[in-house]
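Given next are the chains, with one letter for each unit.
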Amino acid sequence: MKKLTVKTEITVFESKKELPEDHQELLKLAHKSVKDAYAPYSKFKVGAALLLENGELIGGSNQENAAYPVCICAERVALSAAASLYPKVPVVAIAVTAKSHRIKIKQPISPCGTCRQFMSEVEDKHQQPFKVIMQGVSGPVYVVDSVKDLLPLSFDASFL
Ligand code: THU
């Protein structure tokens, strides 16, 4: 018997001012996109923003539905928009943030499992990892270099 250890490295920035300028701008768009969320059921508004390799910035927000499973997360809204508009252009980074009607979120928001799986396949499709930048309404910013850092032992097309 042996044990495998999975290690994830997260870069922690105490505030967004410490981020490189392009990542600050991306996070700003994620915060702005929160306003476009349609979240009448959870009242939990999520904003995402993508930086593509061609320099384009694309925002997205969660879109809910009375039939709850139909809800789409902000990350997948933004990534699907990018895949439709620029199918061949790799993603360089995604920023994610959220605002709750209940509490002021001071901790970084990390993407749900479904979005991690979705994002992982986007990396595979373009054969290129991308950074995930996470923040609450304010407070520290977490950055990982690849979606795979958030999804160890991920399932992918190689199993099929
Ligand atoms: N949500 C996202 O948009 N992204 C995530 O990664 C986590 C959850 C949304 C889905 C739902 O509209 C609301 O947040 C509450 O779960």
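Refer to the structure above for everything that follows.
A brief look at the structure comes next. Note that the coordinates shown come from a computational prediction; the quantities given were computed from them, not determined experimentally.

## Here's the deal with the site of the ligand
Item 1. Around the ligand lies a shell formed by Ser-42, Phe-44, Val-46, Asn-62, Glu-64, Cys-73, Ala-74, Glu-75, Pro-111 and Cys-112.
Item 2. Asn-62 places a side-chain nitrogen or oxygen 2.9 Å from an oxygen atom of the ligand.
Item 3. Between the ligand and Ala-74 there is a distance of 2.9 Å, counted from an oxygen atom to a backbone nitrogen or oxygen.
Item 4. Relative to its unbound accessible area of 370 Å², the ligand is 78% covered by the protein chains.
Item 5. Elements with a contribution of two residues or more to the shell around the ligand: strand E2 (44-52) and helix H2 (74-85).

## Some thoughts on H2
Item 1. Taking 1.5 Å of rise per residue, 12 residues should cover 16 Å, and H2 covers 17 Å from first to last C-alpha, within 8% of that figure.
Item 2. If you check which residues of H2 are buried, you get Ala-74, Glu-75, Arg-76, Ala-78, Leu-79 and Ala-82.
Item 3. Where H2 is buried, its residues touch E2, strand E3 (57-61), strand E4 (91-100) and helix H3 (113-126).

## Observations concerning the sheet that holds E2
Item 1. Reading across from one edge, E1-E6-E5-E4-E2-E3 is the order of the six strands in this open sheet, with mixed pairing throughout. The open sheet has two edge strands with one neighbour each: strand E1 (11-13) and E3. Going from strand to strand, the sheet's axes swing by 20 degrees on average, the running direction of each strand aside.
Item 2. Summarising the sheet, E2 and E3 pair through five bridges and their orientation is antiparallel. Counterpart to Leu-51 in the pairing with E3 is Leu-57.

Conventions we followed
- Residues numbered from 1 in each chain as written.
- Predicted model: local features only at pLDDT ≥ 70, side-chain atom pairs only at ≥ 80, totals over all residues.
- Heavy atoms only, no water.
- Near = heavy atom within 4 Å.
- Polar contact = N/O pair within 3.5 Å; in protein donor to acceptor, adjacent residues only side chain to side chain.
- Areas by Shrake-Rupley, 256 points an atom, 1.4 Å probe, with all protein chains shown as cover.
- Helix = DSSP H or I, 4+ residues; strand = E, 2+ residues; numbered from the N terminus.
- Expected span 1.5 Å × (residues − 1).
- Buried < 20%, exposed > 50% of the residue type's maximum accessible area, 1.4 Å probe, protein only.
- Contact = heavy atoms within 4.5 Å.
- Pairing = 2+ DSSP bridges.
- Axes fitted to C-alpha atoms, helices over the stretch in contact; angles between N-to-C directions.

Function cannot be inferred from these measures alone, as they are strictly geometric.
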